[in-house]
Amino acid sequence: MPDSLDQAQRLLAQLRFPHGDPPDAGTIKNVAPSVYWLRMPLPFQLNHINLWLVEERDGWVIVDTGINMEETQRYWETIFAQQLGGKPVTRVVVTHMHPDHVGLAGWLCERWGATLHMTLGDYMSSQAIRNGIVDGAETRGTHLLSNGVPADLVETFARHRGGYSKGVGPLPTSFERLIHGHPLVMGGRRWQVIVGRGHAPEHASLWCPDLNVLISGDQVLPKISTNVGVWPNEPRADALSWFLDSFARFRALPADALVLPSHGFPFVGLHTRLDQLTAHHDARLSEIAAATAARGEVGATAWDMVPTLFPRHLDNNQVVFAFAETLAHMHCLETRGHVVRRTGTDGIHRFVVVKPVPAAMPSDGDSEVFEVV
Ligand SMILES: [Zn+2]
């Protein structure tokens, strides 16, 4: 494996970061007409999230909220007191259902009497998972055991799931729906909703042609690769194919668009970054296929392949994402006809290579992104 730090630096050098350092917590920074950047802390290895404020004549629109923690609420209160010029928050737009994005939506909507805007898929998924309607212990256990996760680790995965309700406060019981291709007017300008899949059910990015600005959410990130996972409530999902298919929607945008991502710095170089990410996943598909082929007719479970994609030590939070992402790569290989699934009498899915994957360029190292879900 190449020196992944050098490789990461080389890839970053292909992008441009026109807005410099992030704003201090509790402050905001102008990045485009009427659009402001703010940061909130996260209690994970991925220690921050970028949020956005769009100024309107009579108020403000918040895009993404931060995770449900008192510290985040305190920073929001500082911003409300010092940065909004006395105007109220009128709407809360949430790109997707993950806690760092939707966690404080309910609190913000209640605090301001604001409306919540999300895709149907992510609003309903958030409600269902938060309230324990999907992804129960039995479903999760079956999914994990049938993909080779050792029984004594299933409990670790269960604790992770419990974190969702902690990271997401109660949501409003009604919302306004974001739909792919439909407009959303913010700050007097039309933004277009671009739905992407694979990271969340229906992740909404927001594209403003007038400003040449894309609020990309987690769908396109400049440094780390977005977590793409298969989760117990949708155990046969082909999340990686869905994710890569979504790239076509972003390739249609201008190459010089300013991209406002949820992690890292605002950047220019959208098409370059999509090329980098495509190469990243090609390399990892190639690596996992080669490691699976080495097992011959016995085949490999998705769990067997986790150390191939994630050779470094993983903590209990990271291993959950690493497994979900490894399974997503295996399902993509299955869809593309490189592996077949053999389900044993023990109920375990093992994958056998039937068509080798051509060697790709070496991987640029680990996928680094591990959010809570
Ligand atoms: Zn996310």
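Fair warning: this is a prediction, and the values are worked out from it, not measured in the lab. (Residues numbered from 1 in each chain as written. Predicted model: local features only at pLDDT ≥ 70, side-chain atom pairs only at ≥ 80, totals over all residues. Heavy atoms only, no water.)

### Examining the overall build of the protein
Looking only at helices and strands, the protein features 11 helices and 15 strands. Taking 21 Å as the expected radius of gyration for a compact globule of 373 residues, we find that the protein reaches 21 Å, a close match to that expectation. Principal-axis analysis of the C-alpha atoms gives the protein an extent of 65 × 45 × 35 Å. Across the protein, contacts joining residues at least 24 apart in sequence account for 68% of those joining residues at least 6 apart. For the protein, the computed accessible surface area is about 14,900 Å², with 52% contributed by carbon and sulfur atoms. One finds the centroid of the 31 positive side-chain charges in the protein at a distance of 3 Å from the centroid of its 39 negative side-chain charges. (Helix = DSSP H or I, 4+ residues; strand = E, 2+ residues; numbered from the N terminus. Rg over C-alpha atoms; globule rule 2.2 N^0.38 Å. Contact = heavy atoms within 4.5 Å. Areas by Shrake-Rupley, 256 points an atom, 1.4 Å probe, with all protein chains shown as cover. Lys, Arg positive; Asp, Glu negative; His and termini not counted. Charge placed at Lys NZ, Arg CZ, Asp CG, Glu CD.)

### Some remarks on the packing of helix α9 (residues 270-293) against helix α11 (residues 316-335)
Look at α9 against α11: their axes get within 10 Å of each other, and the N-to-C directions meet at 85 degrees. Judged by the inter-axis angle, α9 sits roughly perpendicular to α11. Facing α9, whose interface residues are H281, R284, L285, I288, A289 and T292, α11 presents E325, T326, H329, M330, C332 and L333. A class-by-class count of the residues in the contact of α9 with α11 yields 6 nonpolar, 4 polar and 2 charged. (Axes fitted to C-alpha atoms, helices over the stretch in contact; angles between N-to-C directions. Parallel < 35°, antiparallel > 145°, perpendicular 65-115°, else oblique. Nonpolar A, V, L, I, M, F, W, Y, C, P; charged D, E, K, R; others polar.)

### Describing unusual backbone geometry
Even without being a glycine, S34 presents a positive backbone phi close to 70 degrees. Accessibility expressed as a relative area gives 17% for S34, which makes it buried. Located in the positive-phi region is N212, a residue other than glycine, with phi close to 60 degrees. Here N212 shows up in the loop between β10 (203-208) and β11 (213-217). (Buried < 20%, exposed > 50% of the residue type's maximum accessible area, 1.4 Å probe, protein only.)

### Some points on the nonpolar core
Counting 51 residues, the largest nonpolar core has F157, L214, F250, L270 and F323 as the members making the most contacts within it. Looking at this core, the elements with two or more residues in it are α7 (151-167), α8 (239-251), α9, α10 (306-309), α11 and β15 (349-353). It is α11 that contributes the most residues to this core, 11 residues altogether. When residues no more than four places from it in sequence are discounted, the contact partners of F157 are R140, L144, V149, W303, V319, V320 and F323. The next biggest cluster of nonpolar side chains, apart from the first, holds 34 residues, and it includes I28, L51, Y164 and L171. (Core = buried A, V, L, I, M, F, W, Y, C linked by side-chain atoms within 4.5 Å.)

### A few points about the pattern of salt bridges
Summed over the entire model, instances satisfying the criterion amount to 10 salt bridges. The residue E297 makes a salt bridge to R342 at a minimum N-O spacing of 3.1 Å. Of this pair, E297 sits in the loop between α9 and α10 while R342 is found in strand β14 (residues 339-343), placing the two residues 45 residues apart along the sequence. Its relative accessible area of 38% is what places R342 among the partly exposed residues. (Salt bridge = Lys/Arg side-chain N within 4 Å of Asp/Glu carboxyl O.)

### Examining the sheet that holds strand β2 (residues 35-41)
If you walk across this open sheet you meet the 7 strands as β1-β2-β3-β4-β5-β6-β7, and the pairing is mixed. In this open sheet, the two strands that pair with only one neighbour each are β1 (29-32) and β7 (176-178). Each neighbouring strand pair of the sheet contributes to a mean axis angle of 30 degrees, computed without reference to strand direction. Note that β2 and strand β3 (residues 48-55) share 7 bridges and pair antiparallel. Across the sheet, P41 pairs through a bridge with H48, a residue of β3. (Pairing = 2+ DSSP bridges.)

### Notes on the environment of W76
Mapped onto the elements of the fold, W76 is located in helix α2 (residues 70-82). Here the alpha-carbon distance between W76 and A25, two residues 51 residues apart in the chain, equals 9.1 Å. Not counting residues within four places of it along the chain, the set of residues in contact with W76 comprises L38, M40, L51, I62, D64, T65, L104, W107 and L108.

### Comments concerning the sheet that holds strand β13 (residues 267-268)
Pairing in this open sheet of 6 strands is mixed, and the strands run β8-β9-β10-β11-β12-β13 from one edge to the other. Pairing within the sheet leaves two strands with one partner each, and these edge strands are β8 (183-186) and β13. As defined by bridge partners, β11 adjoins strand β12 (residues 258-261) across 4 bridges and the pair is classed as parallel. Of the residues in β12, the one forming a bridge with I215 is L260. Against the sheet, α8 engages β9 (189-196), β10 and β11, with an angle of about 160 degrees to β9.

### Here we look at helix α5 (residues 120-130)
Summarising burial for α5: 8 of the 11 residues are buried, a large majority. By the burial criterion, the buried members of α5 are G121, D122, Y123, S125, S126, Q127, A128 and I129. Where α5 terminates, the next one or two residues include G132, which has phi positive at roughly 70 degrees.

### Focus on the pairing of β9
Where β8 lies against β9, 4 bridges are found, and the strand directions are antiparallel. By the bridge assignment for β9, L184 is matched with W191. Connecting β8 to the antiparallel partner β9 that follows it, the hairpin turn spans 2 residues, and G187 within it adopts a positive phi of roughly 60 degrees. The sheet contact formed by β9 and β10 spans 5 bridges and is antiparallel. Bridge pairing links I194 to S205 in β10. The antiparallel hairpin formed by β9 and β10 contains 6 residues in its connecting segment, where G198 sits at a positive phi of about 105 degrees.

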